[in-house]
Structure formats: structure tokens, C-alpha cells
Amino acid sequence: GAQPTTGAELREMALLYEALDRREKAVAAYEAALRLEPLEVGWRYELAMLLHESGRLDDARRHLALVLGQRPGHARAKRLMLKITRDQAVPRVE
């Protein structure tokens with residue numbers, strides 16, 4: 001089939017990979033989408049959530065900082081940033 005060429009197509013692919021629990025491929029598709037559409041705050045937030053769920057907290061924080069730079073009032077991004085900050089401050093006991 002044809003390769004996705006637009007940011008929107010790449011984001012759809014990311015959602016599909018995420019639904020199939022193929023997180024690395026989903027992350028790569030989101031990153032490709034955001035290279036084409038860097039101002040898509042919603043997509044960047046979705047990527048940050050996926051990175052957080054994958055345990056990639058530093059990467060999640062980096063994307064959340066960009067979201068909050070573009071949209072300082074983004075409540076969900078603020079909450080996730082706080083959660084990551086707390087999680088990184090507390091030593092994990094397995």
C-alpha cells in the first residue's frame with residue numbers, strides 16, 4: 001500500500017500501532033507526524049502520554065514542555081508533567 005505522506009495520515013498510523021500495542025512503531029509515527037506538523041499540540045500531548053506509559057519519562061517531559069510552551073493553559077499536560085516530576089523524585093520500590 002501507499003506510504004502515509006501527511007501529518008494526519010502518520011498520526012492515524014500512530015493510533016493504529018498504539019491500538020495494536022506496538023508502542024515503538026507508534027512513537028516513530030508520532031515523531032514523523034510532528035516533524036511535518038510541529039504545532040499540533042494535541043498530537044504532541046498524545047505522544048507524551050504514550051512515552052509516559054512506556055516508561056520514557058525524560059522524553060515525555062521534553063514533549064510536555066513543548067506542549068506547555070505552545071499552550072500554557074493545557075490542564076492535562078500540566079497534570080501529567082506534575083505526575084512525572086513526582087514519579088521521578090520518588091525512588092521506585094518494586
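Above this note sits the structure.
What comes next concerns the included structure. Per chain, residues are indexed from 1 in the order of the written sequence. Local features in a predicted model are, by the rule used here, given only for residues with pLDDT of at least 70; side-chain atom pairs are given and counted only at 80 or more, and totals for whole chains, interfaces and linings are based on all residues. Just so you know, side-chain values use all the structure's heavy atoms and leave hydrogens and water out.

Focus: the pattern of salt bridges
1) Next: Any Lys or Arg side-chain nitrogen found within 4 Å of a carboxyl oxygen on Asp or Glu counts as a salt bridge. One pass over the structure, following the stated rule, counts 6 salt bridges.
2) Next: Between Asp-21 and Arg-23 there is a salt bridge, with its nearest N and O atoms 3.8 Å apart.
3) Next: Take Asp-21: its relative accessible area is 56%, and that puts it in the exposed class.
4) Next: Measuring nitrogen to oxygen at the nearest pair gives 2.9 Å for the salt bridge that ties Asp-59 to Arg-56. Working definition: with a 1.4 Å probe on protein chains only, accessible area under 20% of the residue-type maximum means buried, over 50% means exposed, and in between means partly exposed.

Notes on helix H4 (residues 57-70)
1) Next: When the terminal C-alpha atoms of H4 are compared, their 20 Å separation across 14 residues agrees well with the 20 Å that a helix rising 1.5 Å per residue should span.
2) Next: Buried residues of H4: Leu-57, Ala-60, His-63, Leu-64, Val-67 and Leu-68, and no others. Summarising the axial view, the buried residues of H4 lie within an arc of 140°, below the 170-degree limit, and thus occupy one face. In H4, the exposed positions angled more than 90 degrees off the buried face are occupied by Asp-58 and Gly-69.
3) Next: Each element contacted by the buried residues of H4 is listed here: helix H3 (41-53) and helix H5 (75-89). Put simply, DSSP H or I for four residues or longer makes a helix, DSSP E for two residues or longer makes a strand, and each gets a number counted from the N terminus. To estimate the expected span of a helix, count its residues, drop one, and scale the result by 1.5 Å. Directions are taken from the helix axis to each C-beta atom, and the arc is the one they span. Residue contacts follow a heavy-atom distance rule, with two residues in contact if any of their heavy atoms lie within 4.5 Å.

Take it as geometry only, folks, not as evidence of what the structure does.
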